[in-house]
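Structural features, examined
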Amino acid sequence: MRDGFWLRVLDRLISRAAHLQGQRPTALDTSQIDELFARAVQAHESGDIEAAERLYLRVLEHAPEHIDTLCNLGGVYGQQGDLNRAAQRLEQAEAAGAKSPDLLVNLGNLRQLQGNLIDAEKAYRDAVELAPSNVAALRSLGELLLGLRQPAQAQPFLQAADQHDPGNPFGQYNLGLLQTQLGDINAAVSHYRRALEIDP
């Protein structure tokens, strides 16, 4: 009788293991991973941070060293205020040999959240040097310099960001702040009005 009991237990364990094995995620090919990543980016850009995190993690299940996913997931964690996980993902991307403006901007954002403005500025400057037309890098560096009350140093970066992305209300707002710090209130008001016209 005992033998029958243990055979039934063993049979159930084997059945359960087979069932669980059937639930394992199947390997995705490169185009499927790219599609999953694109969906994650779309969720991220639309502000659905939870969905973005879920989708980025699914990409990493199939491609653990997907550089862009590691960078963006670090950005998600930074937005959520989880600086430890943000640092972990960004450092993973860096260790994997990534040298992209997106990684550098995210590292700059992380350093800024950590209160390390010197390293934040260095990361943003490295991003601008790597990709001189990268709007996020230009804008981030300009905003940091404005925050440090260095409008003359911020000006070329904010103007370049606006040239590459002229319809962005945040760009106009930043130019308004810049002109305020430079003491040109009429120019500042003009930029603030333009920002409100773009996005009332």
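Refer to the structure above for everything that follows.
Residues numbered from 1 in each chain as written. Predicted model: local features only at pLDDT ≥ 70, side-chain atom pairs only at ≥ 80, totals over all residues. Heavy atoms only, no water.

**Some details on the overall build of the protein**
A count of helices and strands for the protein gives eleven helices and zero strands. Each helix (α) and strand (β) of the protein, taken in turn from the N terminus, gives the series α-α-α-α-α-α-α-α-α-α-α. A fraction of 43% describes how many contacts in the protein between residues 6 or more apart in sequence connect residues 24 or more apart. Of the roughly 12100 Å² that the protein leaves accessible, carbon and sulfur atoms contribute 51%. (Helix = DSSP H or I, 4+ residues; strand = E, 2+ residues; numbered from the N terminus. Contact = heavy atoms within 4.5 Å. Areas by Shrake-Rupley, 256 points an atom, 1.4 Å probe, with all protein chains shown as cover.)

**Considering the layout of surface pockets**
Taken as a whole, the largest pocket spans an internal volume of roughly 810 Å³. Mapped by element, the contributors of at least two residues to the lining of the largest pocket are helix 2 (30-45), helix 4 (67-79), helix 5 (83-95), helix 6 (101-113) and helix 8 (135-147). Take the lining of the largest pocket: its biggest share by element is seven residues, from helix 6. Grouping the amino acids of the lining of the largest pocket by side-chain chemistry returns ten nonpolar, ten polar and five charged. Here the second largest pocket is characterised by a volume of approximately 160 Å³. For the second largest pocket, the full set of lining residues is Glu 94, Ala 98, Lys 99, Leu 103, Leu 104, Leu 107, Arg 111, Asp 119, Lys 122, Ala 123 and Asp 126. Listed by contribution, the elements that provide at least two residues to the lining of the second largest pocket are helix 6 and helix 7 (117-130). Here the residues of the lining of the second largest pocket are counted per class, giving five nonpolar, no polar and six charged. (1 Å grid on protein atoms, 1.4 Å probe; cavity = no way out; pocket = protein on both sides within 12 Å on 5 of 7 lines; lining within 4 Å. Points joined across faces, edges and corners; volume = space filled by probe spheres on them. Nonpolar A, V, L, I, M, F, W, Y, C, P; charged D, E, K, R; others polar.)

**A few points about the pattern of salt bridges**
Under the criterion given, the structure shown has six salt bridges. Between Asp 126 and Lys 122 there is a salt bridge whose closest N-O contact spans 2.8 Å. Here Asp 126 and its partner Lys 122 are both found in helix 7, four residues apart, which amounts to about one turn of the helix. By relative accessible area, which is 49% here, Lys 122 ends up partly exposed. With a closest N to O distance of 3.9 Å, Glu 197 and Arg 194 form a salt bridge. On the criterion of helical spacing, the pair formed by Glu 197 and Arg 194 is a turn pair, its members being three residues apart in helix 11 (residues 185-198). Here the salt bridges do not stand alone but share partners, grouping Glu 53, Asp 82 and Arg 85 into one network. (Salt bridge = Lys/Arg side-chain N within 4 Å of Asp/Glu carboxyl O. Buried < 20%, exposed > 50% of the residue type's maximum accessible area, 1.4 Å probe, protein only.)

Fair warning: the whole summary comes from geometry, so function is off the table for now.
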